[in-house]
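# An overview of the molecular structure
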Amino acid sequence: MEIRHLTTIDDVSNEEILMMFDAADVMSQHKGKIKSKGRESLLDICAGYNMASLFFEPSTRTRLSFESAMHRLGGDVSSVTEAGSASVAKGETIADTAKIIGSYADVIVVRHPWEGAPKVIADYAGVPVINAGDGAHQHPTQTLTDLYTLRKEKGRIEGLTVALCGDLKYGRTVHSLAYALARFKANIVLISAQNLDMPDYIIKDLGFRYGCHQEEIVDVGQALKKINSHSQNAVRTSTIWVLSGLWGDFFKDLDEIPDIDAFYLTRVQKERFADIGITIEYPTFDGKLLEKIKADAIIMHPLPRVDELAYEIDGDPRSAYFRQAAYGVPVRMALISFLLSVGPFSDFKRTFQKPQFPRYKNRDNIRCGNPKCISMQESESQQITPEFEIVPSDSGSLLRCVYCEREIECQLLHA
Ligand code: CP
């Protein structure tokens, strides 16, 4: 059987996501100890399976919810919780590490600072690989949890208007979430902090791949009119409003907040800033701001929070972020079961094919220009060849790195 991975949110179809959510609904009922009497219960469907949990960056929610999910399914877990405790610290390549761990484990969960590292592990491990966050690229299991939260709290995803707020440049959760929301035909309001805009290549891609209508918004008053008029006219096309650098002003300049169903807040990802010197105006979402939003809107956050979310709003029923974090366990239980084809997925016929684009191999010594991409790391260069997809764009076609998925800024190795 074909091995399936979750290295980006594109690796699973909408239909598969919804099936996982149905399974998560059932699994969330089974939190306690195994109670089966000779009968296979949901909670021992992974008995005999081992999950390798490789975290080369800090994590509380993702690592522990994965490990808790595997334990609740009756499986075992082997963990690496620090880069320094694995043999990569002695100079072992990611590809070699993948081959070794793939011979010990049945499924691998990996978080790594290099963008595209989970894809390399998937290429070499021979077992399903799950991306638990790679640099500023994607965090697809957070996205599954976010979509599940929307479905649980709002009853649907399609047609909702979701504002992604704050650091949209380095926040990997909002990158994979934007793709998923567009695929599920939700409307997206991108309200970035100054200097922290959603990368252009993602915004263009959303328009091109999912036909989202896109509008640049120059001030918050215009945002109010446009978003409310869209919602009153019940427009079916998914729309993306881009409010570049306006997160600092959004609540300050508006008494009435547009018709937004969910605010997805992010912290400033200071650890990913190349130029530490910049100052960023970043509001704290507090009780005063909460008073301005719709009575049935929800506040989401992948957590951890720093200063952008005041503790005083935790008790408000619209503050969904702790429930969101808790949903991570049943969602990850369903994902592990799906990738291992066990329990509710044991008879599942896999028909989904990830969209494939023609490949452009490195015949002209072109490399991805992203210094955080795994294909740019000297230590990995003997096993990883830079490789690109030729993807259609407004201007004809462009090259996209298969590892970090950025459009390349061409960099010639040899003149
Ligand atoms: N949301 C999230 O990825 O949290 P952790 O960094 O704690 O895993």
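Counting from 1, residues in each chain are numbered in the order their sequence is written. Local features in this predicted model are restricted to residues of pLDDT 70 or higher, and side-chain atom pairs are both shown and tallied only at a pLDDT of 80 or more, whereas totals for entire chains, interfaces and linings draw on every residue. With hydrogens and water set aside, each side-chain value is computed from the structure's full complement of heavy atoms.

### A closer look at the domain arrangement of the chain
Note on interface size: it is often stated as the accessible area lost on association of the parts. For the domains described, the bounds stem from an automatic or database domain assignment. Domain assignment breaks the chain into domain 1 (9-139 + 325-345), domain 2 (143-321) and domain 3 (356-415). Spacing between the C-alpha centres of domain 1 and domain 3 amounts to 28 Å. Any two residues whose heavy atoms approach within 4.5 Å are treated as being in contact. Facing 17 residues of domain 1, the contacting portion of domain 3 comprises 14 residues. Roughly 1,300 Å² of surface becomes buried between domain 1 and domain 3 when both sides are summed, with 50% attributable to carbon and sulfur atoms. Broken down residue by residue, the surface that domain 1 buries against domain 3 is led by W114, E115 and K119, which jointly contribute 45%. Salt bridges, as used here, are contacts in which a Lys or Arg side-chain nitrogen is within 4 Å of a carboxyl oxygen on Asp or Glu. Between domain 1 and domain 3 we count 1 salt bridge in total. A salt bridge links E115 to R406, with the shortest nitrogen-to-oxygen separation between them at 3.2 Å. Two parts placed together each lose some accessible area under a 1.4 Å probe, and adding up what both lose gives the buried area.

### Some remarks on the nonpolar core
Residues belong to a common nonpolar core when they are buried Ala, Val, Leu, Ile, Met, Phe, Trp, Tyr or Cys residues joined through side-chain atoms within 4.5 Å. Each residue's exposure class comes from its accessible area (1.4 Å probe, protein chains only) as a fraction of the maximum for that residue type: buried when under 20%, exposed when over 50%, partly exposed otherwise. Among the nonpolar cores identified, the biggest contains 68 residues, and L147, L150, L164, L181, L190, M198 and I336 are the most heavily contacted of them. Helix and strand definitions follow DSSP, with helices as H or I runs of at least four residues and strands as E runs of at least two, each counted in order from the N terminus. At 10 residues, helix α11 (residues 321-340) tops the list of elements feeding residues into this core. Residue contributions to this core reach at least three from each of two domains, namely domain 1 (9-139 + 325-345) and domain 2 (143-321). Listed in part, the 37 residues of the second largest apolar core include A193, W241, A297 and I313.

### Notes on the sheet that holds strand β11 (residues 359-361)
Pairing is antiparallel across the open sheet formed by 3 strands, whose spatial order is β11-β13-β14. In this open sheet, the two edge strands, each paired with only one partner strand, are β11 and β14 (396-401). Taking the axes of each pair of neighbouring strands and ignoring which way they run, one obtains an average angle of 40° across the sheet. Strand direction decides the pairing type here: strand β13 (residues 387-393) and β14, joined by 6 bridges, are antiparallel. Strand pairing is assigned whenever DSSP detects at least two bridges linking the two strands. To define axes, lines are fitted to C-alpha atoms, for helices over the stretch in contact only, and angles between the resulting N-to-C directions are given on a 0 to 180 degree scale.

### Let's talk about the site of the ligand
Whether a residue is near a molecule or strand depends on its heavy atoms: it is near if one of them lies within 4 Å of it. S59, T60, R61, T62, R111, H139, Q142, P302 and L303 make up every residue found near the ligand. We call two N or O atoms a polar contact when they sit within 3.5 Å, provided that within protein one can donate a hydrogen and the other can accept it, with sequence-adjacent residues counted only if both atoms are side-chain atoms. Here an oxygen atom of the ligand and a side-chain polar atom of H139 are 2.9 Å apart. The residue classification treats Ala, Val, Leu, Ile, Met, Phe, Trp, Tyr, Cys and Pro as nonpolar and Asp, Glu, Lys and Arg as charged. All others, Gly included, are polar. Here the shell around the ligand is composed, by residue class, of 2 nonpolar, 5 polar and 2 charged.

### Focus on the confidence of the model for the chain
Residues at a pLDDT of 70 or more form 93% of the chain, whose mean pLDDT is 90. This stretch, residues 33-39, has a pLDDT under 50; its non-local contacts, to residues over four places away or in other chains, come to 6 contacts. pLDDT measures how confident the predictor is about each residue, on a scale from 0 to 100.

### Some thoughts on helix α6 (residues 172-183)
Expected helix span is computed as 1.5 Å times (number of residues minus one). Between the first and last C-alpha of α6 there are 17 Å, a value that for 12 residues agrees with the 16 Å anticipated at 1.5 Å per step. Within α6, 12 of the 12 residues are buried, which leaves the element mostly enclosed by the surrounding structure. Taken as a whole, α6 has its buried residues at R172, T173, V174, H175, S176, L177, A178, Y179, A180, L181, A182 and R183. Phi for K185, located one or two positions after α6, is positive at around 60°.

### Description of the packing of helix α5 (residues 140-154) against α11
One way to put it is that α5 packs onto α11 with a least axis distance of 8 Å and a crossing angle of 115°. In terms of orientation, α5 and α11 fall into the roughly perpendicular class. In terms of crossing hand, the pair formed by α5 and α11 is right-handed. Residues T141, Q142, L144, T145, D146, Y148, T149, K152 and E153 of α5 lie in contact with α11, whose contacting residues are R323, Q324, Y327, G328, V331, R332 and L335. An angle below 35 degrees is treated as roughly parallel, one above 145 as roughly antiparallel, one from 65 to 115 as roughly perpendicular, and anything else as oblique. If you view the pair so one helix is near and one far, a crossing is left-handed when the near helix is turned anticlockwise from the far one by less than a right angle, and right-handed when it is turned clockwise.

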